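In case you want the letters, here they are:
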Amino acid sequence: MKNLRITLIISLMALMLANVSFAQSNSRIKKEAKREAKEFGREGFTELPGAPPLRYQLEKAWKKQLKEDEYGYPLFIVASGNGVAETETVAKLQANETAKYELAGTISTSVAGLIKGEYGNAQLNNEDAATVNKILGNVQSLVAAELGRVVPLVEMHKKVGKNVEVNVRIAYNSEMAKDITKKVIRKELEKDLQLQQDKLDKLFKE
C-alpha cells in the first residue's frame, strides 16, 4: 500500500512538471509568434485574404516545428520561401516552390550524410565513392519535385511597387521526406552506378 502511494505521488509530480513545462513552452511560442508578427508587420506584410491572423499562423508554425517523435527527433521539417510577381497567384506559386527546394535541400543533406557514413561498410572504391558523391550533390531538385503536397503553415503578402511579394512557411513529415529522398537517391544510383546489390543495400542500411 505504501509503495502504491509513493508511485501515485511520483506520477502526480511528473504530470504536474509536464503541465508546467507545456505551459512554459506554449508561453514562449506565443511570445515568439507575437514578436515575429510585429517584425513582418513593420516590413509591410499581412496575411492573405481569408487566412487567419498572421500571429496565429506563426504560433501554428512554431508548434509544428517544435513537435518531436518518441525519440526526441523533429517530427516535421519546416522551410520558408518567397516569390515576387505581378499577381498574387504566381508569387505564391514561386514562394511554395522555393520553400520546397529549401526543404529538399535540408533533408537531402541529412540523408547524404547517413549514406556517406556507410561507405566503409559498403566497401566502395574511390571511383564509386566519387560517383556517389556527385549524385548526392545533385538530387535536391529531384527530391523537391517528388515531395508533392506540403502542409502550409504561414502565408503572407505585401505590395512591392506594381508587384506582389508572397512569403510562405511550409512543413513536411520528416520520416516521409526521408523515405522519398532515399528512393530518389537509390533510383539515381541504380541508373548511373553499377553496384552490386549487396553494396547498394549496405549504403541504405538494408
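This section reports on the structure supplied with the text. (Residues numbered from 1 in each chain as written. Predicted model: local features only at pLDDT ≥ 70, side-chain atom pairs only at ≥ 80, totals over all residues. Heavy atoms only, no water.)

1. Re the sheet that holds strand E1 (residues 46-47)
Phase 1: Reading across the sheet, the 4 strands line up as E1-E3-E4-E2 and stay open at both edges, with antiparallel pairing between neighbours. The open sheet terminates on both sides in strands that have one partner only, identified here as E1 and strand E2 (76-85).
Phase 2: Sheet analysis places strand E3 (residues 151-160) next to strand E4 (residues 163-173), joined by 9 bridges and oriented antiparallel. Within the sheet, the bridge partner assigned to Val151 lies in E4 and is Ala171.
Phase 3: Contacting E2, E3 and E4, helix H3 (residues 88-116) runs over the sheet at an angle of about 145° to E2.
Phase 4: Contacts between helix H7 (residues 174-192) and the sheet are confined to E2 and E4, with E4 contributing the most and set at about 90° to the helix. (Pairing = 2+ DSSP bridges. Helix = DSSP H or I, 4+ residues; strand = E, 2+ residues; numbered from the N terminus. Contact = heavy atoms within 4.5 Å. Axes fitted to C-alpha atoms, helices over the stretch in contact; angles between N-to-C directions.)

2. Comments concerning the packing of helix H5 (residues 126-136) against H7
Phase 1: Direction vectors running N to C along H5 and H7 enclose 135°, while the axes themselves pass 10 Å from each other. Accordingly, the angle class assigned to the pair H5 and H7 is oblique. Note on packing geometry: the crossing formed by H5 with H7 is right-handed. From H5, Thr131, Val132, Ile135 and Leu136 reach across to H7, where they touch Ile185, Glu188, Leu189 and Asp192.
Phase 2: Of the residues that constitute the contact of H5 with H7, the class distribution is 5 nonpolar, 1 polar and 2 charged. (Parallel < 35°, antiparallel > 145°, perpendicular 65-115°, else oblique. Left-handed = near helix turned anticlockwise from the far one by under 90°. Nonpolar A, V, L, I, M, F, W, Y, C, P; charged D, E, K, R; others polar.)

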